[in-house]
Structure formats: C-alpha cells, structure tokens
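Breakdown of the fold
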Amino acid sequence: MDFLRPASWEEALAAKAEHPTAVPIAGGTDVMVEINFDHRRPEYLLDLNRVGDLYEWEVGEESVRLGASVPYTKIMDNLRAELPGLALASHTVASPQIRNRGGVGGNLGTASPAGDAHPALLAAGAEVEVASAARGTRLIPIDDFYTGVKRNALQPDELIRAVHIKKADGPQQYSKVGTRNAMVIAVCAFGLALHPETRTVRTGIGSAAPTPVRAKAAEEFLNAALEEGGFWDNGKIITPSVAKQFADLCSAACNPIDDVRGTASYRRHAVGVMARRTLTWTWESYRGTRRASEGAA
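Let us look at the structure shown here. This structure is a prediction, so every number in the text was calculated from the model and none was measured.

Some details on the nonpolar core
Grouped together as the largest cluster of nonpolar side chains are 45 residues, with contacts concentrated most on Leu86, Val104, Leu108, Leu121, Ile142 and Ile165. Judged by nonpolar contacts, the second largest core, of 32 residues, contains Leu192, Ile205, Val213 and Ala270.

Printed below as a string of structure tokens:
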C-alpha cells in the first residue's frame with residue numbers, strides 16, 4: 001500500500017487523476033478502522049491532511065461553505081447559529097477524540113447510511129462541491145449524492161472539497177437512537193429543518209434505508225397542512241392528528257434491515273417517534289421566535 005501526501009489541492013487532484021483508485025484519508029476515523037480490521041486494503045492512500053483549505057470555512061450572506069475536513073468540534077464551537085442541525089448532529093459523533101479528527105467530507109465520502117451528518121445535510125438542502133483535475137469543479141445537490149449502499153455520485157478522479165449549506169432561516173433539530181450514549185453507530189437518526197422563508201419543511205433519515213433518505217411524502221403532507229391551517233401566520237400549536245400523520249409517513253419512508261443494532265420494525269417505530277418529537281421541538285421554537293418578534297414590534 002503506497003502513501004501519497006500532496007501539499008496542495010492542485011497536487012491532490014493530480015494524484016487522484018493519476019491514481020483513480022486511491023482512497024482519500026483526512027480524519028481517518030472510517031478508513032483506518034476498515035484497514036485495521038482488514039476489511040479494505042487499497043493500493044494507494046491519498047493523505048489530505050496537508051491541504052489547508054479543506055480545514056477552512058466561510059460564512060456568506062446566505063450560506064456557509066464548509067471545508068470537507070473541518071472537524072466536528074469546530075462546527076459545534078463556531079457554526080451553531082448558522083448550522084444548528086449539523087451542530088446537533090456533530091455532538092452525537094463518537095467521542096471527543098474522533099470529533100476532533102473527523103469531518104463531514106469523510107461522512108460523505110464513505111456514504112454509509114449510518115453517517116451522523118447525512119440527515120442534517122438532507123434537511124438543510126446542502127450541495128457538495130467536488131472537483132477533478134480534468135473537468136474542474138461541480139456542485140452536486142445532496143438529494144442526488146447518495147447512489148447506493150456506501151456509494152456516492154463521485155467520479156473516480158474526483159475529490160470532495162467542501163459542502164455548501166444554506167444558513168438556517170428557522171429552527172432545526174436532530175435526533176439519534178443508539179445502543180448507548182456515545183461511541184456508537186446509529187440504530188437510526190432523524191433530522192428536521194423548518195424553512196419559514198419558503199414555508200417548507202425538509203427531513204433527513206439515517207440508518208433506516210440503503211442510503212440516507214428524505215421522507216418526501218411526509219414533507220408534502222406537512223407543507224400542505226401548515227399552509228392550509230395558516231400555521232405559519234397564526235403560530236398555533238400543530239394538532240396531534242397532523243403530528244401523528246407526519247410521523248406515520250416518516251416511518252413509511254424507511255426501508256430498513258434487521259441487524260445486530262436493531263430490527264427493521266424497531267427502526268420504523270423509532271423514526272416515527274423522532275419525527276413527532278423533532279416536529280414538536282422545532283415548531284415550539286418557531287412559535288417562541290414569532291411571539292418574541294411580535295412583542296418587540
């Protein structure tokens with residue numbers, strides 16, 4: 001196994017073009033586990049730790065450009081206001097040591113359905129910035145990024161450079177079920193984001209289907225219910241029947257398996273519970289913000 005150590009982004013793209021099978025490694029929190037257990041033995045490892053701009057982020061007027069290797073700890077400490085859903089998801093990642101090493105780019109590259117960042121990225125409507133030496137840069141909508149179990153839309157000569165995420169314009173939540181409170185792979189996870197500017201809701205489900213998925217039917221139902229009931233304007237409490245139907249539709253969006261962490265039926269049930277709870281939390285936060293703004297006026 002050869003070890004490639006580019007010193008710049010341009011060198012990294014050139015190395016990937018020359019060795020398309022090279023496996024990128026930055027935090028190494030996924031790759032090294034597979035290598036240590038002899039589940040993977042790549043011909044080349046492409047070390048990206050010296051590529052400095054992968055560890056940078058930029059907060060713009062409407063969105064955040066998050067470098068692929070920005071550690072989860074940095075997201076928690078510096079981007080909680082702009083990316084609350086992703087910051088909450090970052091809190092659930094493994095241990096402090098791994099949160100100091102791992103980043104969103106690794107989650108996307110591995111594309112495991114259990115990756116902690118995926119539900120938050122789906123709910124926020126992120127875009128993944130990828131590049132190759134031959135074709136330059138392109139943005140992949142997060143909905144198009146996951147193509148199968150641990151497969152993504154990257155071409156063999158492409159690397160993930162950053163993730164573009166719109167700054168939160170409303171409350172966001174994230175919930176995860178595990179067999180313990182830390183150092184655990186998700187049994188299932190759920191992300192929810194309210195987008196008051198467009199009067200829409202987006203979801204993200206992890207570890208309950210072959211890929212991370214959105215509960216699109218649930219979103220469409222809730223968007224219609226909130227609009228028809230005037231909830232965005234009147235700020236009333238969402239009725240239990242609406243919350244239950246939303247939860248049921250989120251459960252129906254799952255296509256889980258039975259494994260050592262949990263059964264398929266438990267995953268469906270848990271996703272429904274998390275959907276109802278996160279909807280309650282985010283909507284109560286939205287109502288509180290409305291009351292505060294009306295009081296200030």
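A look at helix H11 (residues 240–252)
At 3.6 residues per turn, the α-helix brings residues three or four places apart onto the same side. Relative to the 18 Å expected for 13 residues at 1.5 Å per residue, H11 spans 18 Å between its end C-alpha atoms, a close match to the ideal helical length. All buried positions along H11 are accounted for by Val242, Ala243, Phe246, Ala247, Cys250 and Ser251. Close packing links the buried residues of H11 with strand S12 (188–195), strand S13 (200–206), helix H9 (216–228) and helix H12 (264–296).

Section: the pairing of strand S7 (residues 136–141)
Here six bridges tie strand S6 (residues 127–132) to S7, and the two strands are oriented antiparallel to one another. When the sheet's bridge partners are listed, Val128 is paired in S7 with Ile140. Connecting the antiparallel pair S6 and S7 is a turn made up of three residues.

Quick word on the sheet that holds strand S3 (residues 44–47)
As summarised here, the arrangement of the three strands in space is S1-S3-S2, forming an open sheet in which the pairing is parallel. Of all the strands in the sheet, just strand S1 (2–4) and strand S2 (23–25) have a single pairing partner and so form its edges. Averaged over all adjacent pairs, the angle separating strand axes in this sheet is 30 degrees, with direction ignored.

Side note on the pattern of salt bridges
Two side chains that carry opposite charge are able to pair once their charged atoms sit near each other. Using the criterion set out here, one finds 19 salt bridges in the structure. Arg40 is paired through a salt bridge with Glu34; the nearest N and O atoms lie 3.0 Å apart. Given the relative accessible area of 35%, Arg40 is considered partly exposed. According to the relative accessible area criterion, Glu34 is buried, its value standing at 19%. Note that Arg135 and Asp157 form a salt bridge whose closest N and O atoms lie 2.7 Å from each other. Here Asp157 lies in the loop between strand S9 (151–152) and strand S10 (159–166) and Arg135 lies in the loop between S6 and S7, a separation of 22 residues in the sequence.

Quick look at the environment of Asn152
Note on placement: Asn152 falls in strand S9. By relative accessible area, which is 17% here, Asn152 ends up buried. Put simply, Asn152 and Ser112 are 40 residues apart on the chain and 9.5 Å apart in space, counted from C-alpha to C-alpha. Not counting chain neighbours up to four residues away, the residues in contact with Asn152 comprise Leu108, Gly109, Ala111, Phe145 and Thr147. One polar contact links the side chain of Asn152 to the main-chain carbonyl oxygen of Leu108, over a distance of 3.2 Å.

How each quantity is defined
Residues numbered from 1 in each chain as written. Predicted model: local features only at pLDDT ≥ 70, side-chain atom pairs only at ≥ 80, totals over all residues. Heavy atoms only, no water. Core = buried A, V, L, I, M, F, W, Y, C linked by side-chain atoms within 4.5 Å. Buried < 20%, exposed > 50% of the residue type's maximum accessible area, 1.4 Å probe, protein only. Helix = DSSP H or I, 4+ residues; strand = E, 2+ residues; numbered from the N terminus. Expected span 1.5 Å × (residues − 1). Contact = heavy atoms within 4.5 Å. Pairing = 2+ DSSP bridges. Axes fitted to C-alpha atoms, helices over the stretch in contact; angles between N-to-C directions. Salt bridge = Lys/Arg side-chain N within 4 Å of Asp/Glu carboxyl O. Polar contact = N/O pair within 3.5 Å; in protein donor to acceptor, adjacent residues only side chain to side chain.

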